[in-house]
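Spelled out, the chains give:
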Amino acid sequence: MPPSTLELLPAVDVRDGQAVRLVHGESGTETSYGDPLQAAVTWQEAGAEWLHLVDLDAAFGTGDNREQIAGVVRAMDIKVELSGGIRDDASLAAALATGCTRVNLGTAALESPQWVARIIAEHGDRIAVGLDVRGTTLRGRGWTRDGGDLYETLERLDREGCARYVVTDIAKDGTLQGPNLQLLKEVCAATDRPVVASGGVSSLADLRALADLVPAGVEGAIVGKALYAKAFTLQEALAAVAR
Ligand SMILES: O=C(O)c1ccccc1N[C@@H]1O[C@H](COP(=O)(O)O)[C@@H](O)[C@H]1O
């Protein structure tokens with residue numbers, strides 16, 4: 001039975017050793033929120049069951065924060081979804097070895113389809129694919145390059161057995177303008193796999209609207225800027241989506 005309550009995944013995105021939020025995922029738009037471990041512990045203590053942890057330097061190709069991020073995963077008692085720069089056997093092995101619950105692949109799903117098919121077959125539910133889109137065009141390499149059509153890629157990944165998708169509307173990400181509910185409905189209609197919504201959450205009303213999409217296939221929501229900007233507390237968010 002799929003869960004009836006929307007899962008919430010507070011985000012900790014790490015750039016140059018700091019927890020940051022970006023606007024539209026654009027490098028150079030960072031607002032810093034300090035120590036990533038402190039941020040992660042704060043969300044865990046506030047009742048989070050999941051953490052969405054991103055190595056932004058690895059995603060942008062400007063280095064990595066791998067050891068620091070592994071330390072954050074090790075310090076957590078909650079489930080961790082780990083992403084950023086997981087593109088080959090070595091980076092995948094390092095990511096899985098942190099003990100994270102699952103990894104989320106972006107660029108690799110666009111540029112290395114055969115490798116992704118193999119690791120989906122090998123690791124099943126521990127692999128999610130991030131479908132980061134502008135309109136219906138996928139973006140990779142730190143969201144700087146086009147990577148094909150959303151629905152063609154979704155069909156291929158479904159065929160290969162991908163367990164779930166993390167869908168980000170880049171136009172909404174970091175803007176506090178509300179999630180793209182229409183996009184999420186369309187993706188849910190195109191796949192029977194669970195979808196984690198990402199981008200734009202600004203209010204408890206947004207979270208309730210996403211919770212209304214649980215029967216359609218939205219399993220969870222990543223919440224970033226709204227929590228850091230204190231639009232609401234995580235406790236309020238968890239209460240808002242409890243069904
Ligand atoms: O989360 C962001 O703000 C973000 C911005 C720009 C690029 C990537 C971003 N996040 C996540 O990084 C992974 C993709 O990394 P890769 O392409 O596999 O190296 C994906 O989860 C994005 O959602």
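Residues numbered from 1 in each chain as written. Predicted model: local features only at pLDDT ≥ 70, side-chain atom pairs only at ≥ 80, totals over all residues. Heavy atoms only, no water.

Enquirer: How do you make sense of the environment of glycine 99 when you look at a structure like this?
Expert: Checked against the element boundaries, glycine 99 lands in the loop between helix H4 (89-97) and strand E6 (102-105). Judged by relative accessible area, which is 54%, glycine 99 ranks as exposed. Along the sequence, glycine 99 and valine 23 sit 76 residues apart, while their C-alpha atoms lie 29 Å from each other. (Helix = DSSP H or I, 4+ residues; strand = E, 2+ residues; numbered from the N terminus. Buried < 20%, exposed > 50% of the residue type's maximum accessible area, 1.4 Å probe, protein only.)

Enquirer: Explain helix H1 (residues 36-45) here, please?
Expert: For an α-helix, the turn length of 3.6 residues means that residues three or four places apart are oriented alike. Within H1, burial applies to Pro36, Ala39, Ala40, Trp43 and Gln44. Around the axis of H1, the buried residues are gathered within 135° of arc, so they sit on the same side. Looking at the packing, one finds that the buried side of H1 touches strand E1 (7-15), strand E2 (18-21), strand E4 (50-55), helix H3 (66-75), helix H10 (225-228) and helix H11 (234-241). Count one or two residues on from H1 and you reach glycine 47, which has phi positive near 110°. (Arc of directions from axis to C-beta. Contact = heavy atoms within 4.5 Å.)

Enquirer: When you look at the site of the ligand in this model, what are you seeing that I'm missing?
Expert: What surrounds the ligand is a group of 18 residues, the closest being Gly85, Arg87, Asn104, Gly106 and Thr107. Note that an oxygen atom of the ligand is positioned 3.2 Å from one of the side-chain N or O atoms of aspartate 13. Take glycine 85: an N or O atom from its main chain is 2.6 Å from an oxygen atom of the ligand. Look at the ligand: alone it shows 500 Å² of surface, and the protein chains cover 97% of it. Top element by residues in the shell around the ligand is helix H2 (residues 56-60). It accounts for 3 residues. Of the residues that constitute the shell around the ligand, the class distribution is 6 nonpolar, 8 polar and 4 charged. (Near = heavy atom within 4 Å. Polar contact = N/O pair within 3.5 Å; in protein donor to acceptor, adjacent residues only side chain to side chain. Areas by Shrake-Rupley, 256 points an atom, 1.4 Å probe, with all protein chains shown as cover. Nonpolar A, V, L, I, M, F, W, Y, C, P; charged D, E, K, R; others polar.)

Enquirer: I'm lost on the UniProt feature "active site" (unreviewed entry) in the protein in this one. Help?
Expert: Within this structure's numbering, the places UniProt gives as "active site" (unreviewed entry) are Asp13 and Asp132. Lining the largest cavity, from this annotated set, are Asp13 and Asp132. Among the secondary structure elements, aspartate 13 is positioned in strand E1. If sequence neighbours within four positions are ignored, aspartate 13 has contacts with Gln18, Ala19, Val20, Arg21, Val54 and Leu56. Turning to its location among the elements, aspartate 132 is positioned in strand E7 (residues 127-134). (UniProt positions renumbered as here; feature names shortened; annotations may be inferred. 1 Å grid on protein atoms, 1.4 Å probe; cavity = no way out; pocket = protein on both sides within 12 Å on 5 of 7 lines; lining within 4 Å.)

Enquirer: Is there a simple way to think about unusual backbone geometry in this case?
Expert: Only a minority of non-glycine residues have a phi that is not negative, and only a minority of peptide bonds are not trans. Phi angles above zero are rare outside glycine, and arginine 141 is one such case at about 50°. Within the secondary structure, arginine 141 sits in the loop between strand E8 (137-140) and strand E9 (145-149). Here leucine 176, not a glycine, exhibits a phi torsion of approximately 55°, which is positive. With respect to the element layout, leucine 176 can be found in the loop between strand E10 (165-169) and helix H8 (181-190). The class of leucine 176 is partly exposed, set by a relative accessible area of 34%.

Enquirer: I keep staring at the pattern of salt bridges and nothing clicks. Help me out?
Expert: Here the idea is simple: oppositely charged side chains can pair when their charged atoms come close. Under the counting rule described, the total for this entry stands at 15 salt bridges. With a closest N to O distance of 2.7 Å, arginine 141 and glutamate 111 form a salt bridge. Of the two residues, arginine 141 is situated in the loop between E8 and E9 and glutamate 111 in helix H5 (residues 107-111); the sequence distance between them amounts to 30 residues. Of the residues examined, arginine 141 reaches a relative accessible area of 30% and is grouped as partly exposed. Overall, the relative accessible area of 42% leaves glutamate 111 in the partly exposed class. Each of Arg15, Glu30 and Asp57 takes part in salt bridges that share partners, so that together they form one network. (Salt bridge = Lys/Arg side-chain N within 4 Å of Asp/Glu carboxyl O.)

Enquirer: Please clarify how the state of the cysteines should be interpreted in this entry.
Expert: A covalent bond bridging the sulfur atoms of two cysteines is what the word disulfide describes. In total, this model carries 0 disulfides according to the counting rule given. The thiol of cysteine 162 is unpaired, and the distance to the nearest cysteine sulfur, on cysteine 188, comes to 14 Å. (Disulfide = S-S within 2.5 Å.)

Enquirer: Before we go on, may I ask you to explain the nonpolar core in this structure?
Expert: Counting residues in hydrophobic clusters, the biggest one holds 66 residues, and the most contacted among them are Val12 and Leu207. In contact with leucine 207, not counting residues within four places along its chain, are Leu6, Leu8, Val201, Ala221, Val223, Phe232, Ala237 and Val241. Ranked by size, the runner-up nonpolar core spans 7 residues in total, among them Leu9, Ala128, Val196 and Ile222. (Core = buried A, V, L, I, M, F, W, Y, C linked by side-chain atoms within 4.5 Å.)

Enquirer: What am I meant to see in the pairing of strand E11 (residues 195-198) here?
Expert: For a regular strand, side-chain orientation follows a simple rule: the groups alternate between the two sheet faces. Covered by surrounding structure in E11 are Val195 and Ala197 together with Val196 and Ser198, the residues of both alternating faces. Relative to E11, E10 is paired through 4 bridges, and the arrangement is parallel. Opposite valine 167, over in E11, you have alanine 197 as the bridge partner. Taken together, E10, H8 and E11 form a β-α-β motif whose crossover is right-handed. Here 4 bridges tie E11 to strand E12 (residues 218-223), and the two strands are oriented parallel to one another. Each bridged residue has a counterpart across the sheet, and for alanine 197 the counterpart in E12 is alanine 221. (Pairing = 2+ DSSP bridges. Right-handed = clockwise from strand over helix to strand, strands pointing away.)

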